[in-house]
Structure formats: structure tokens, C-alpha cells
Amino acid sequence: MSAQYNGVGDTVGSTVQRIISDFQGTMLASLAHVLKRDNTNADLIEHVALLSKNGYTIVALMSAYHSEFVPAPNTVGNMALLPLRTKFRGPAPMNPSLEKDIIDEALYLFKSLIFFRQYELKSEADRVLVYLVLYILECLRKLQKCPNRIVAGKELAAMAISRFDLPGDPDFPRELNNMYAKPKNSTELEAMRGYLTQLRQELGVRLIDKVYSDDNSPPNKDSVRKSDDRHA
């Protein structure tokens, strides 16, 4: 069963409606042109464009902003327990040969997902994706105060293993609590905490690689500004 998370970012409903209107009576091949004209990323907006041609209606559905890691091989709570390309130990299987994992996916989709006020959770992997996107925002706020890569590495490493709230805890975001299952027992609690810690540690390392060009350079302003815009 799918669920909906409200609050990732601003709605794009008006843009979608304008695009659909533009498409009446056009060819499907015009899709890329209209989206480019409106500065809309076709891979990151889910909508139905109704196209009429010679009495036929073509439905174009784009939902590339959902996780591709389905079905989940295992779960912890109702989150997908997925293999990671990491050296950090934890419940998730470590596979250094993975070409792409859920952390790559979160970093790739981050700048677009935060523009959606409503996000429909369609799988256990989507729950991991949303958690990682929100954690990226936390990391970026922290990195604003880090003058270089070395300081940033220490700060994010400490934040990754510091105490954090789990589903069901009083301070876990209440808008997320009804979509994330709390641990059923102490064993699942430890597995969930270990898995999220593993994700946080690996994400921090990869994010630093994207934000800092070398050990002595300041953070990339474009990467940090996205956090500023959402929390001004």
C-alpha cells in the first residue's frame, strides 16, 4: 500500500497542468520540447499528459523519482534493507562492486525531490530514499560551518554515529511517524539503528566528495545554498 509524505518541497501542480494543457492535440515527440521550455525536469515530475492524435489518447507517465530498488530483498521495520557499496559495517550487506546503490540514488535525486510538497511512498525503498534526502539536508546545514574538507569529515562522522531518533521515538518527525513502522522489539531496534547509522556514515563520505573539491577548499556554494533556501 502506498502512502503520501507531505513536506519534501514545493508543489509543481500548476506547471504540470500547464504542460497537460499544452499537449492537447500534439504528438508525444513534443514532450521533451515543452518540458525543456518550461525548465521542467521530465525525469523528476510524475504526471499524466493526455495527447490526442487521430482519435487516439496516449498516456505518458513519468515516475523516475521513485526508488528503483524494488522489490526489497529484506526489510527492517518497513524500510528496505539494501546492499551498500561501503566499508562501514552494519546490517546492510557490503558489496564494493555495486555500480549503484540507494545512496547514489538519493544524492542524484536530492535537488529535485526537495521541491515536492507531496511525495507518494510506493515501496519500502522509497522510505529509505526519503530518510536519506532529509539527512542530506541536515548534513548540508552542518557543512555550512565547515571551512574545509578535513573539518567537514570529522563533523559528519560524529553526526552519523551520534544518538538519533527512530520511528516511534517522541522526537522523530511526527509527519513521518505514521509512515515508518517503529521497531517491534529490541532486536529490530538495534538492527534499525545499525542500518541507519551505516547509511548515515556512507552518505556523509560521499556527500563530502561532492561538496569539497579538495582538502583546503571551502564548500561548494551551490550545494549548500539548497539547504539555505529550504530553511531560511
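It should be noted that the structure appears before, not after, this text.
A few points on the structure. Computed from a predicted model, the values in this text were never measured in an experiment.

**As for the nonpolar core**
Counting 51 residues, the largest nonpolar core has Ile102, Leu143, Leu199 and Leu207 as its most contacted members. Counting residues per element, the ones that place at least two in this core are strand S5 (79–81), helix H3 (102–113), strand S6 (118–121), helix H4 (124–143), helix H5 (149–161) and helix H7 (186–211). The residues touching leucine 143, leaving out its near neighbours within four places in the chain, are Ala152, Leu156, Leu207, Val211, Tyr212 and Pro219.

**Quick word on the packing of H4 against H7**
It is the contact of H4 with H7, at a shortest axis distance of 10 Å, that shows an interaxial angle of 50 degrees. The angle between the axes of H4 and H7 places the two elements in the oblique class. Handedness of the H4/H7 crossing: right-handed. Between H4 and H7, the residues in contact are Val128, Tyr131, Leu132, Tyr135, Ile136, Cys139, Leu140 and Leu143 and Tyr195, Leu196, Leu199, Arg200, Leu203, Leu207 and Val211, respectively. The class makeup of the residues in the contact of H4 with H7 is 14 nonpolar, no polar and 1 charged.

**A word on the packing of H4 against H5**
The N-to-C vectors of H4 and H5 enclose an angle of 140 degrees; their axes lie 10 Å apart at closest approach. One way to sum up the angle between H4 and H5 is to call them oblique. Where H4 crosses over H5, the two elements pack in a sense that is right-handed. Taken together, the residues of H5 that come into contact with H4 (itself represented by Tyr135, Glu138, Cys139, Lys142 and Leu143) are Ala152, Glu155, Leu156, Met159 and Ala160. Its residues assigned to classes, the contact of H4 with H5 shows 7 nonpolar, no polar and 3 charged.

**Concerning the packing of aromatic side chains**
Evaluation of the coordinates by the stated rule reveals 1 aromatic pair. Measuring from ring centre to ring centre gives 5.9 Å for phenylalanine 172 and tyrosine 180, while their planes differ by 65 degrees; the resulting arrangement is edge-to-face. Side by side, phenylalanine 172 and tyrosine 180 carry an identical accessibility label, which is buried. Taking NZ or CZ as reference, arginine 193 lies 5.1 Å from the ring centre of phenylalanine 164, over its face. If you follow arginine 200 out to its NZ or CZ, it ends over the ring of phenylalanine 164, 4.0 Å from the centre.

**Description of the pattern of salt bridges**
Side chains that differ in charge, positive against negative, can pair when their charged atoms come close. Taken as a whole, this structure holds 9 salt bridges when the rule is applied. Its salt-bridge partner being arginine 206, residue aspartate 104 comes within 2.9 Å of it at the nearest N-O pair. Note that aspartate 104 is positioned in helix H3 and arginine 206 in helix H7, a separation of 102 residues in sequence. One salt bridge in this structure joins arginine 149 and aspartate 215, with 3.7 Å as the shortest N-O distance. One end of the pair, arginine 149, is in helix H5; the other, aspartate 215, is in the loop between H7 and helix H8 (221–230), with 66 residues separating them in the sequence. By relative accessible area, which is 39% here, aspartate 215 ends up partly exposed.

Conventions used here
- Counting restarts for each chain, with residues numbered from 1 along the sequence as it is written.
- The predicted origin of the model limits local features to residues at a pLDDT of at least 70 and limits the giving and counting of side-chain atom pairs to 80 or more, whereas totals for whole chains, interfaces and linings rest on all residues.
- As a convention, hydrogens and water are excluded, and side-chain values are obtained from all of the structure's heavy atoms.
- Only buried residues count toward a nonpolar core. Its members are Ala, Val, Leu, Ile, Met, Phe, Trp, Tyr and Cys residues joined through side-chain atoms within 4.5 Å.
- Only protein chains enter the accessibility calculation, which uses a 1.4 Å probe; a residue is then buried when its area is under 20% of its type maximum, exposed when over 50%, and partly exposed in between.
- Helix and strand assignments come from DSSP, with helices taken as H or I runs of at least 4 residues and strands as E runs of at least 2, each series counted from the N terminus.
- Contacts: residue pairs with any heavy atoms within 4.5 Å of one another.
- Only C-alpha atoms enter the line fits that serve as axes; for helices the fit covers just the stretch in contact. Angles between N-to-C directions range over 0 to 180 degrees.
- Under this scheme an angle from 65 to 115 degrees is roughly perpendicular, one under 35 degrees roughly parallel, and one over 145 degrees roughly antiparallel; angles in between are oblique.
- When the near helix sits turned anticlockwise from the far one by under a right angle, the crossing is termed left-handed; a clockwise turn instead gives a right-handed crossing.
- Throughout this entry, Asp, Glu, Lys and Arg are counted as charged residues, while Ala, Val, Leu, Ile, Met, Phe, Trp, Tyr, Cys and Pro are counted as nonpolar. The remaining residues, Gly among them, count as polar.
- Centres within 6.5 Å make a pair out of two Phe, Tyr or Trp rings, where for Trp the six-membered ring is used; the pair is then stacked when the planes are under 30 degrees apart, edge-to-face when over 60, and tilted otherwise.
- Geometrically, a charge over a ring is one whose NZ (Lys) or CZ (Arg) sits within 6 Å of the ring centre while staying within 35 degrees of the ring normal.
- Put simply, a salt bridge is a Lys or Arg side-chain nitrogen that is within 4 Å of an Asp or Glu carboxyl oxygen.

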